[in-house]
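Remarks on the overall topology
Below, each chain spelled out in residue letters.
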Amino acid sequence: MTLLDARLSSTSFRALLALSVVFVMLATTGWTALRPSGGGDPRALALSAWMRGSVGVRKLPDPESAPGTIARFFASLTKAQRLRLADRYPLVVGNLNGAPLALRYLANRRALATAQVQELARAKSDQLSAAGRHDAARLAHRFASMLSGHRQILAFDPTGAGRAAEVFGDLSTATRVSIVVPGVDTDLLTFERTSKPYQAPVGMARSLYGAEHALAPAARTAVIAWADYTTPAGVGLDASTGQLAERGATRLESLLTALPRHSEVSLFCHSYGSVLCGVAAPDLPRGRVADITVFGSPGMRAQHASDLGTTAHIWAARDGSDWISDVPHLEFAGLGHGQDPVSDSFGARVISAAGAKGHPGYFAPGTTSLANFADIALGDYTAVTCRNGGEVCVAGL
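**Description of the overall build of the protein**
A tally of helices and strands in the protein yields eleven helices and ten strands. By residue count, 52% of the 397 residues in the protein fall in the buried class. Long-range contacts, defined here as pairs at least 24 residues apart, represent 71% of the contacts in the protein between residues at least 6 apart. Carbon and sulfur atoms form 55% of the exposed surface of the protein, whose accessible area is close to 17,100 Å².

As structure tokens, this is what we get:
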């Protein structure tokens, strides 16, 4: 065997080892969540109806149009016309980047109410197995929760495992907007949780918004729990490739384009969400994203922070008890996600995550990680606690 063959063999072995560790860790940490099977594609049906619809003699715009085009279309309508569209096509209007925020919230409430009624009926149907009825009852319960109070649901799609996003604060007036991008096995059922709520997207965003408000009560901030992309489902190759991250990156870029132009954005990317943020980084709207913070990250599909092609500050955190540290950070033939963002060679500003306790605990109350995230979201970089003390993580800012 030549030296080159030996090196290739060693690299292949390490890549396979990395994948095996990923699969074992996923299997032993409860990430294989229940993925409800949908009975059709309700949003596809809604989109088809939308494309045949009109306002008077005007055709409705292509939902894939740029957010600016969508915004101009809705601005040209009367209030009554906008409300009719939200009532007739809630699954379209509620997910249209560029549509008025209040209209999206209203449309999604209507879509959620319809979905809840459907799941309640399925929960009693003799056409389903006991397991199927149980799944339907769980979804109905989730939709009831999302309909409670004055929640601002920015996106809702019940197709398959489902996608959703929720806003905390006033997104229309916020000058600083944080977006929480979650990781593997995030869907409608795992969008929020009652026990240890900060381990799910809604609780993460609510924790961050509360920490920001505690530090700066007068600041105009908003936080988005953004589970509006299809995540890898438990054990499988999807978690070790960038395919779903690439699709999600396109959706994230569209969201950013539609945000109010006066707002400065910070991304907080957990686990596989950090892969998405790494893939999205080069194409994010220039000057809009001030910070990208990754934590519990398997990698950003880059060998160095400078390879991300963004002007955003790159921050990284990992608690010592997070099992992700045992996953080899490398990339081979499209598998794996590259260099460890908390390694010295990556070049991120590494911050403390003291108290996070495991892979999902970074937003737990009282943790240094949550305090650091709030400081970054507010742009108070000098208050950020570095991993090893000192001021190296804020040098040059």
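After that view, the rundown keeps rolling.
**Comments concerning the nonpolar core**
Ranked by internal contacts, the top residues of the largest apolar core, which has 63 residues, are Trp50, Phe74, Leu85, Met146, Phe156 and Phe363. Discounting chain neighbours no more than four positions away, the residues touching Phe74 are Trp50, Arg82, Leu85, Val93, Leu96, Ala99, Pro100 and Leu103. Core analysis: the second largest hydrophobic core is formed by 47 residues, Val184, Leu259, Val275 and Val350 among them.

**Examining the side chain of Arg142**
When you line up the elements, Arg142 lands in helix 7 (residues 130-147). On the basis of relative accessible area, Arg142 is assigned to the buried category, the value being 11%. In contact with Arg142, other than residues within four places in its own chain, are Leu188, Leu189 and Glu192.

**Description of the confidence of the model for the protein**
When pLDDT is averaged across the protein, the result is 89; 87% of the residues are at 70 or more. The model gives residues 1-39 a pLDDT under 50, and that stretch makes 58 contacts with residues more than four places away or in other chains.

**Examining the packing of aromatic side chains**
For the structure shown, the criterion picks out ten aromatic pairs. Ring geometry for Trp226 versus Tyr229: centroids 5.7 Å apart, planes at 15°, classification stacked. Aromatic side chains Trp315 and Tyr381 sit 5.5 Å apart centroid to centroid with 35° between the ring planes, which places their arrangement in the tilted category. Separated by 66 residues along the polypeptide, Trp315 in strand 9 (residues 313-317) and Tyr381 in the segment after helix 11 (368-378) bring together distant segments of the chain. An aromatic cluster is built from Phe268, Phe295, Tyr362, Phe363 and Phe373, whose rings are joined through pairwise contacts.

**Some thoughts on the environment of Gln339**
As for its placement among the helices and strands, Gln339 is situated in the loop between strand 9 and strand 10 (349-350). Considering only alpha carbons, one finds Gln339 and Ser297, 42 residues apart in sequence, at a separation of 9.9 Å. Among all residues touching Gln339, those that are not within four sequence positions of it are Gly299, Met300, Ala302, Gln303, His329, Ser345 and Phe346.

**Thoughts on the sheet that holds strand 10**
Taking strand neighbours across the sheet as the criterion, the eight strands line up as 3-4-6-5-7-8-9-10 in an open arrangement whose pairing is mixed. Edge positions in the sheet fall to strand 3 (152-157) and strand 10, since each has one partner strand and no second. Pairing of strand 5 (residues 176-181) with strand 7 (residues 264-270) involves six bridges; the strand directions are parallel. By the bridge assignment, Val180 is partnered in strand 7 with Phe268. Across the sheet, helix 9 (residues 243-258) is in contact with strand 3, strand 4 (163-169), strand 5, strand 6 (221-227), strand 7 and strand 8 (289-295); its angle to strand 6 comes to roughly 155°. Of the strands in this sheet, strand 5, strand 6, strand 7, strand 8 and strand 9 touch helix 11, which is tilted by about 155° from strand 7.

**Overview of the side chain of Asn95**
Turning to its location among the elements, Asn95 is positioned in the loop between helix 5 (90-93) and helix 6 (101-123). Here the side chain of Asn95 touches Leu91 through a polar contact of 2.9 Å, landing on its backbone oxygen. Ignoring any residue separated from it by four or fewer positions in sequence, one finds Asn95 in contact with Arg43, Arg104, Asn108, Ala155, Phe156 and Asp157.

**Some thoughts on the pattern of salt bridges**
In total, this model carries eleven salt bridges according to the counting rule given. Put simply, Arg110 and Asp87 hold a salt bridge, and the shortest N to O gap is 3.4 Å. Placement of the pair is Arg110 in helix 6 and Asp87 in helix 4 (residues 79-88), with a sequence separation of 23 residues. Among the residues examined, Arg110 registers a relative accessible area of 30% and is labelled partly exposed.

Here is what the cut-offs are and how they apply
Residues numbered from 1 in each chain as written. Predicted model: local features only at pLDDT ≥ 70, side-chain atom pairs only at ≥ 80, totals over all residues. Heavy atoms only, no water. Helix = DSSP H or I, 4+ residues; strand = E, 2+ residues; numbered from the N terminus. Buried < 20%, exposed > 50% of the residue type's maximum accessible area, 1.4 Å probe, protein only. Contact = heavy atoms within 4.5 Å. Areas by Shrake-Rupley, 256 points an atom, 1.4 Å probe, with all protein chains shown as cover. Core = buried A, V, L, I, M, F, W, Y, C linked by side-chain atoms within 4.5 Å. pLDDT = per-residue confidence, 0-100. Phe/Tyr/Trp six-rings, centres within 6.5 Å; stacked < 30°, edge-to-face > 60°. Pairing = 2+ DSSP bridges. Axes fitted to C-alpha atoms, helices over the stretch in contact; angles between N-to-C directions. Polar contact = N/O pair within 3.5 Å; in protein donor to acceptor, adjacent residues only side chain to side chain. Salt bridge = Lys/Arg side-chain N within 4 Å of Asp/Glu carboxyl O.

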